[in-house]
Amino acid sequence: MTLSKLFRRVLLLQIAGVSLCHAATPIKFQLDWRFEGPAALFLQPVAKGYFKQAGLDVSVDAGNGSGGTVTRVASGSYDLGFADMAALMEFHANNPDAPNKPVAIMMVYNNTPAAAFALKTSGIKAPADLAGKKLGAPVFDAGRKAWPIFAKANKVGAVTWTSMDPALRETMLVRGDVDAITGFSFTSMLNLEARGVKPQDIVVLPYSQYGVKLYGNAIIASPRILKENPEAVKAFLLAFTKGIKDVLANPDASIEAVKARDGIINVEVEKRRLKMAIDQVVNSPDARAEGFGQVKLPRLSLMASQVADAYSTKSRVNPDAVWTSAYLPSSAELNVLPAKK
């Protein structure tokens, strides 16, 4: 072997060694729902290469509800996920001896998107008008599960619940099978419009505007990855924060990242859905007051107590066990929310 060939071989081995040393860390991420507008918050940093630049190989999968996301992260099938804080609290309190209970590491929806919906023809105008009515929602719906909190805050009398598949919820309201429904504000509103109801004919009662200060969806993590690779978790949150700044600055363009994952979405509808989510739960007054990504411990403790009562959990919810700020970017890096318009 000539000296030049030997040199090239050594050089190639060195390059290969460097590549191996810097191989991207794989991270499996589970959304709470389908590839709709709000999924841009996570798909945009993938599309822009922010995760890759941080040394991460992130795969993002669609979900079928926060409860499922919490369970999959707990099982180890996923490293990180996006789930409703109440669903995480419920899992902790109902599975006190589970060995791998997920932990929330960044608040994204500072307010719950849960709301009650009715048609103006029903005569329902305020929460008190729901007393004695027939309400509809899937059994796992966040608004239905948190109903006792909403009812107590607004002194709403007893109601009757009807269960259905999520796809039938708005249809049953339009048909008059139920008097009102609960659902995410940016989901049920657009679904009702898609069924021919004019926006001015819809009554929306957002929980966050009627005395319910529950946190919404957060990024959750498996204790395993927090212990084994904390630097990867910190890198993920920093790259995500960089991506969400892009989404907030130009939500319309961010929908392209969603369309790339689900080519049959209605782009205009999903643009509206994303903007509604941003305005109502991401860049909300509470989020601006508390700071993006963060929580206030007194508020979290109150929520823990309310969830334990409303969900009738097996044990009380320990707020210290469901949340940690140890992996968050700096306050300056979390300063991503646009100024109030």
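Structure shown above.
For the structure given in this document, a descriptive report is provided here.

About the thresholds
Every chain is numbered independently, its residues counted from 1 as its sequence is written. Only residues with pLDDT of at least 70 are given local features in this predicted model, and only at 80 or more are side-chain atom pairs given and counted; all residues enter the totals for whole chains, interfaces and linings. Side-chain figures throughout are based on the complete set of non-hydrogen atoms in the structure, without hydrogens or water. For salt bridges, the criterion is a side-chain nitrogen of Lys or Arg within 4 Å of an Asp or Glu carboxyl oxygen. Each helix is a run of H or I in the DSSP string that is no shorter than four residues. Each strand is a run of E no shorter than two, and both are numbered from the N terminus. Only when DSSP finds a minimum of two bridges between them are two strands counted as paired. In this analysis an axis means a line fitted to C-alpha atoms, helices contributing only their contacting stretch, and an angle means the value between N-to-C directions, from 0 to 180 degrees. Here a residue-residue contact requires only that any non-hydrogen atoms of the pair lie within 4.5 Å. Site definitions follow a grid-based scheme: protein atoms alone, a 1 Å grid, a 1.4 Å probe that fits but cannot get out for cavities, and for pockets an open set with protein on both sides within 12 Å along at least five of seven lines, plus lining residues having an atom within 4 Å of a point. Grid points are joined across faces, edges and corners, and a volume is the space filled by probe spheres set on the points. In the scheme used here, Gly and all other residues not listed as nonpolar or charged are polar, with Ala, Val, Leu, Ile, Met, Phe, Trp, Tyr, Cys and Pro taken as nonpolar and Asp, Glu, Lys and Arg as charged. The buried label applies to any residue whose accessible area, calculated with a 1.4 Å probe on protein chains only, is under 20% of its type's maximum; exposed applies above 50%, and partly exposed to all values in between. For any helix crossing, the convention is left-handed if the near helix is rotated counterclockwise from the far helix by under a right angle, and right-handed if that rotation is clockwise. Definition used in this section: a nonpolar core is a set of buried Ala, Val, Leu, Ile, Met, Phe, Trp, Tyr and Cys residues joined via side-chain atoms within 4.5 Å.

Turning next to the pattern of salt bridges. Per the stated rule, a full pass over the model turns up 17 salt bridges. Of the charged contacts, one joins Asp286 and Lys213 as a salt bridge, the two residues approaching to 3.0 Å between their closest N and O atoms. Placement of the pair is Asp286 in helix H14 (residues 285–290) and Lys213 in the loop between strand E9 (202–206) and strand E10 (217–221), with a sequence separation of 73 residues. Where salt bridges share partners, they join Arg34, Glu36, Glu270 and Arg273 into one cluster.

What follows deals with the sheet that holds strand E8 (residues 180–184). Within the open sheet, the five strands sit side by side as E7-E6-E8-E5-E9. Their pairing is mixed. Each having just a single partner strand, strand E7 (160–162) and E9 make up the two edges of the open sheet. Shown here is a sheet whose adjacent strand axes are inclined to one another by a mean of 30°, direction ignored. In the sheet, strand E5 (residues 114–119) pairs with E8 via five bridges, with the strands oriented antiparallel. Along E8, the bridge assignment pairs Ala115 with Gly183. Docked against the sheet, helix H9 (residues 185–194) engages E5, E8 and E9, running at close to 125° with respect to E8.

This next bit is on the side chain of Lys271. Along the chain, Lys271 turns up in helix H13 (residues 267–282). Among all residues touching Lys271, those that are not within four sequence positions of it are Asp252 and Ile255.

In this section: empty space enclosed by the protein. With the rule as written, the count across this model stands at one cavity of 30 Å³ or more. Counted as a void, the largest cavity has a volume near 50 Å³. If you trace the largest cavity, you find it lined by Asp84, Ala86, Thr112, Ala114, Ala142, Ala146, Tyr207, Leu214, Tyr215, Met303 and Tyr311. Within the lining of the largest cavity, the residues separate by chemical class into nine nonpolar, one polar and one charged.

Assignment of secondary structure puts Val156 in the loop between helix H7 (147–154) and E7. The class of Val156 is buried, set by a relative accessible area of 11%. When the C-alpha atoms of Val156 and Gly136 are compared, they prove to be 16 Å apart, with 20 residues separating the residues in sequence. Beyond its immediate sequence surroundings of up to four residues, Val156 is in contact with Pro127, Ala128, Leu130, Ala131, Trp147 and Ala151.

Quick look at the packing of H9 against H13 now. In contact at an axis separation of 9 Å, H9 and H13 are set at 145° when each is read in the N-to-C sense. The chirality of how H9 crosses H13 is right-handed. On H13, the residues that touch Ser185, Phe186, Thr187, Met189, Leu190 and Glu193 of H9 are Val269, Arg272, Arg273, Met276, Ala277, Gln280 and Val281. Here the contact of H9 with H13 is built from residues that sort into seven nonpolar, three polar and three charged.

Here we take up the nonpolar core. Counting 116 residues, the largest nonpolar core has Met85, Ile219, Phe236 and Phe240 as its most contacted members. With 10 residues, helix H11 (residues 230–249) is the single largest residue contributor to this core. Leaving out residues up to four positions away in the same chain, Phe236 has contacts with Ile27, Phe29, Phe51, Leu56, Val58, Leu80 and Ile219.

Glancing now at the layout of surface pockets. If you add up the space inside the largest pocket, you get close to 790 Å³. Along the walls of the largest pocket sit 38 residues, with Asp32, Trp33, Gly65, Phe140 and Phe184 positioned nearest its centre. For the lining of the largest pocket, the secondary-structure elements that each account for two or more residues are helix H4 (66–75), strand E3 (80–84), helix H5 (85–94), helix H6 (142–145), helix H8 (169–175), E8 and H9. With five residues, the single largest contributor to the lining of the largest pocket is H5. Across the lining of the largest pocket, the residue classes break down as 17 nonpolar, 10 polar and 11 charged. Looking at the second largest pocket, its volume works out to about 290 Å³. Counting only elements with at least two residues in the lining of the second largest pocket, the list comes to E5, H9, E9, H13 and H14. If one sorts the elements of the lining of the second largest pocket by residue count, H13 sits on top with four residues. When the residues that make up the lining of the second largest pocket are grouped by side-chain class, the tally is nine nonpolar, seven polar and three charged.

By themselves, these observations are geometric and do not establish any function.
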